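# A look at the structure
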Amino acid sequence: GKLMQTLPLDGGMLCLFTSLDKVENLISQYISSQEESPLNPPLTREGDNKQEESTLNLPLTRGEVKRQQKLVENSSNNLGEYNNQVEISVINGDNNIVISGYNHILEKIIIEAEKQNIKSRKLTVSHGFHSFLMQPILTQFKKIAETINYKLPQLPLISNVTGEVINEEIASADYWVNHVMKPVK
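Below is a summary of the structure that appears in this document. (Residues numbered from 1 in each chain as written. Predicted model: local features only at pLDDT ≥ 70, side-chain atom pairs only at ≥ 80, totals over all residues. Heavy atoms only, no water.)

Considering the arrangement of structural elements, one finds Lys122 in strand E4 (residues 120-122). Residues Lys122 and Ile110, spaced 12 residues apart in sequence, show a C-alpha to C-alpha distance of 8.4 Å. Not counting residues within four places of it along the chain, the set of residues in contact with Lys122 comprises Met13, Leu14, Asn103, Leu106, Glu107 and Ile110. In this structure the side chain of Lys122 is engaged in a polar contact, spanning 2.9 Å, whose partner is the side chain of Asn103. (Helix = DSSP H or I, 4+ residues; strand = E, 2+ residues; numbered from the N terminus. Contact = heavy atoms within 4.5 Å. Polar contact = N/O pair within 3.5 Å; in protein donor to acceptor, adjacent residues only side chain to side chain.)

Another point: the pairing of strand E3 (residues 96-102). Across a regular strand the side chains alternate sides, sitting on one face of the sheet and then on the other. Burial of E3 is extensive: five of the seven residues sit out of reach of the surface. Note: strand E1 (residues 11-16) against E3, six bridges, orientation antiparallel. What sits directly across from Met13, in E3, is Ser100. Inspection of the sheet shows strand E2 (residues 86-93) paired to E3 by six bridges, in the antiparallel sense. Pairing of Glu87 across the sheet is with Ser100, part of E3. Count of turn residues in the E2/E3 antiparallel hairpin: two residues. (Buried < 20%, exposed > 50% of the residue type's maximum accessible area, 1.4 Å probe, protein only. Pairing = 2+ DSSP bridges.)

Here's what the structure looks like:
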């Protein structure tokens, strides 16, 4: 916690109550609306990943958790980090997606979401967790994580990074360093 508090306070998190596909489109629209200038370089993303949209807003079944995992993997692979401005950080369900990024960018995305009748809620957090904004602490975080004597789980444990049962991988500093940066579900 102390280490994370050394980070700048310019990051935050925003929950968007819509599908992953719509969140990706919303972010893409914001990025494409930016004017190209030396002070505001264009934000781009690689690839275009269209996902099947679910119209149900029900608790996730085990199969849905796996489907959401694939969506995160696909979005992480194809969307990049939007030039380190904003990125998907949490998938809570089909219509509950959290993004992390710089607060001034999140405010602009809130405005665009309102225009599209997408409900949103700025989360009360100190930083943009599970995102590129954690990068400055990773070296120190890893040094600390390497001092911990990890034990294997005694019961089946589901990783909130992969959505799969995890064993030896969780008992390592590398897993927890990765956890700081990767989207969770």
